[in-house]
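What follows is the residue order along each chain.
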Amino acid sequence: MIVIKKEDEIEKMREAGRITALILREVAEMVKPGVSAYELNEHAERRLEELKAAPAFKNYPHPSGGKKYPASLCVSVNEEVVHGLPTREKVFREGDIVSLDFGVIKDGYYGDSALTVGIEPLSNRKRQLIKTTRESLYQGIKKAVAGARLGDISHAVQTYVERRGFSVVRDFAGHGIGTHLHEEPQVPNFGFPGRGPLLEERMTIAIEPMVNMGNWRVRVKTDGWTVVTVDGLPSAHFEHTVVIRDGEAEILTVVE
Ligand code: MF3
Ligand code: CO
């Protein structure tokens with residue numbers, strides 16, 4: 001069931017989105033050679049306490065059952081696609097691309113956002129990958145309007161990415177969001193225009209293209225969480241939580 005939010009719920013999601021974006025921006029600014037993913041997670045958890053919000057990902061049960069996600073921030077470097085663990089050993093180096101995925105719960109409502117930053121000097125191809133992934137998210141967001149279909153978003157992301165010679169990950173998707181991190185509908189990054197559920201006023205969804213430099217195949221590492229590309233080539237990830245408001249997409253995971 002797709003949940004249409006009420007006005008006061010959207011206001012709470014704006015606040016959750018604002019806190020998500022603020023902390024995500026702070027940890028993104030910490031990405032420098034010699035800094036570890038662990039330090040970023042520690043900073044995020046400190047800031048959550050200060051801002052009286054809870055982490056959305058900590059103890060989240062793995063989709064395939066059992067194991068709970070042990071941290072508040074996902075840190076995925078180079079060939080890691082998503083759900084990378086913020087360990088002490090994961091120390092950033094020049095030329096890395098670092099995907100950060102973060103979500104909060106504030107007043108019972110969720111925010112969820114991701115971005116990828118590169119550490120200079122960066123290869124042109126990695127820079128293109130990051131830019132294409134970010135732009136593909138905005139192509140998708142543009143299609144999140146009342147009266148359109150979910151497939152319009154999926155198709156816009158896919159065609160933007162594939163025209164530039166990259167590929168979209170197929171095993172993971174965006175999602176509805178609200179009083180749960182994952183609500184209906186699923187928001188795939190590939191599909192056909194005019195297909196899927198009708199988009200309506202006050203629907204809230206997280207759009208999150210995961211884009212590979214090589215082919216779309218991914219696998220999960222033996223730590224049970226980290227998703228990596230099968231071909232070992234780099235991957236990038238961007239995500240915003242959006243609401244359809246006055247017919248158009250309003251991005252919730254922004255600061256102010
Ligand atoms: N943005 C990701 C998602 O929507 C983050 C989930 S991490 C998890 O699936 F630990 F919560 F699974
Ligand atoms: Co998400």
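A short tour of the structure in this document, coming up. (Residues numbered from 1 in each chain as written. Chains lettered and ligands numbered in written order. Predicted model: local features only at pLDDT ≥ 70, side-chain atom pairs only at ≥ 80, totals over all residues. Heavy atoms only, no water.)

## What about the pattern of salt bridges?
Reasoning step 1: As enumerated under the stated definition, the model contains 13 salt bridges in all.
Reasoning step 2: The salt bridge partner of Glu26 is Arg47, with a shortest N-O separation of 2.7 Å. Of this pair, Glu26 sits in helix 1 (residues 7-29) while Arg47 sits in helix 2 (residues 37-50), placing them 21 residues apart in sequence.
Reasoning step 3: Across the pair Arg127 and Glu120 runs a salt bridge whose closest N-O atoms are separated by 3.0 Å.
Reasoning step 4: Judged by relative accessible area, which is 47%, Glu120 ranks as partly exposed.
Reasoning step 5: Here the residues in one salt-bridge network are Glu7, Glu201, Arg245 and Asp246, joined through shared partners. (Salt bridge = Lys/Arg side-chain N within 4 Å of Asp/Glu carboxyl O. Helix = DSSP H or I, 4+ residues; strand = E, 2+ residues; numbered from the N terminus. Buried < 20%, exposed > 50% of the residue type's maximum accessible area, 1.4 Å probe, protein only.)

## Focus on the packing of aromatic side chains
Reasoning step 1: Within this structure, the stated rule accounts for one aromatic pair.
Reasoning step 2: The positively charged end of Arg164 is found above the aromatic ring belonging to Tyr160, 3.6 Å away from the centroid.
Reasoning step 3: Positioned above the aromatic ring of Trp216, the side-chain terminus of Arg217 is 4.5 Å from the ring centre. (Phe/Tyr/Trp six-rings, centres within 6.5 Å; stacked < 30°, edge-to-face > 60°. Lys NZ or Arg CZ within 6 Å of the ring centre and 35° of its normal.)

## As for the nonpolar core
Reasoning step 1: Formed by 48 residues in total, the largest nonpolar core has its most connected members in Phe92 and Leu100.
Reasoning step 2: If you list the elements that add at least two residues to this core, you get helix 1, helix 2, strand 2 (73-77), strand 4 (97-106), helix 3 (124-142), helix 4 (150-162), strand 9 (204-207) and strand 14 (240-245). (Core = buried A, V, L, I, M, F, W, Y, C linked by side-chain atoms within 4.5 Å.)

## Considerations on the site of ligand 1
Reasoning step 1: Around ligand 1 sit 13 residues in total, of which Tyr69, Asp101, His175, His182 and Glu239 are the nearest.
Reasoning step 2: Contacts to ligand 1 include Asp101, whose side-chain N or O atom sits 2.7 Å from a nitrogen atom.
Reasoning step 3: Contact distances for ligand 1 include 2.9 Å between an oxygen atom and a side-chain N or O atom of His182.
Reasoning step 4: Here ligand 1 loses 94% of its free accessible area of 330 Å² to cover by the protein chains.
Reasoning step 5: Grouping the constituent residues of the shell around ligand 1 by class yields six nonpolar, three polar and four charged. (Near = heavy atom within 4 Å. Polar contact = N/O pair within 3.5 Å; in protein donor to acceptor, adjacent residues only side chain to side chain. Areas by Shrake-Rupley, 256 points an atom, 1.4 Å probe, with all protein chains shown as cover. Nonpolar A, V, L, I, M, F, W, Y, C, P; charged D, E, K, R; others polar.)

## A closer look at the packing of helix 3 against helix 4
Reasoning step 1: Where helix 3 meets helix 4, the axes come as close as 8 Å, and the angle between the chain directions of the two elements is 150°. Between helix 3 and helix 4, the angle is such that the two are roughly antiparallel. Once helix 3 is placed against helix 4, the crossing between them reads as right-handed. Side by side, helix 3 and helix 4 meet where Thr132, Glu135, Ser136, Gln139 and Gly140 of the first sit next to Ile153, Ala156, Val157, Tyr160 and Val161 of the second.
Reasoning step 2: Split by residue class, the contact of helix 3 with helix 4 holds five nonpolar, four polar and one charged. (Axes fitted to C-alpha atoms, helices over the stretch in contact; angles between N-to-C directions. Parallel < 35°, antiparallel > 145°, perpendicular 65-115°, else oblique. Left-handed = near helix turned anticlockwise from the far one by under 90°. Contact = heavy atoms within 4.5 Å.)

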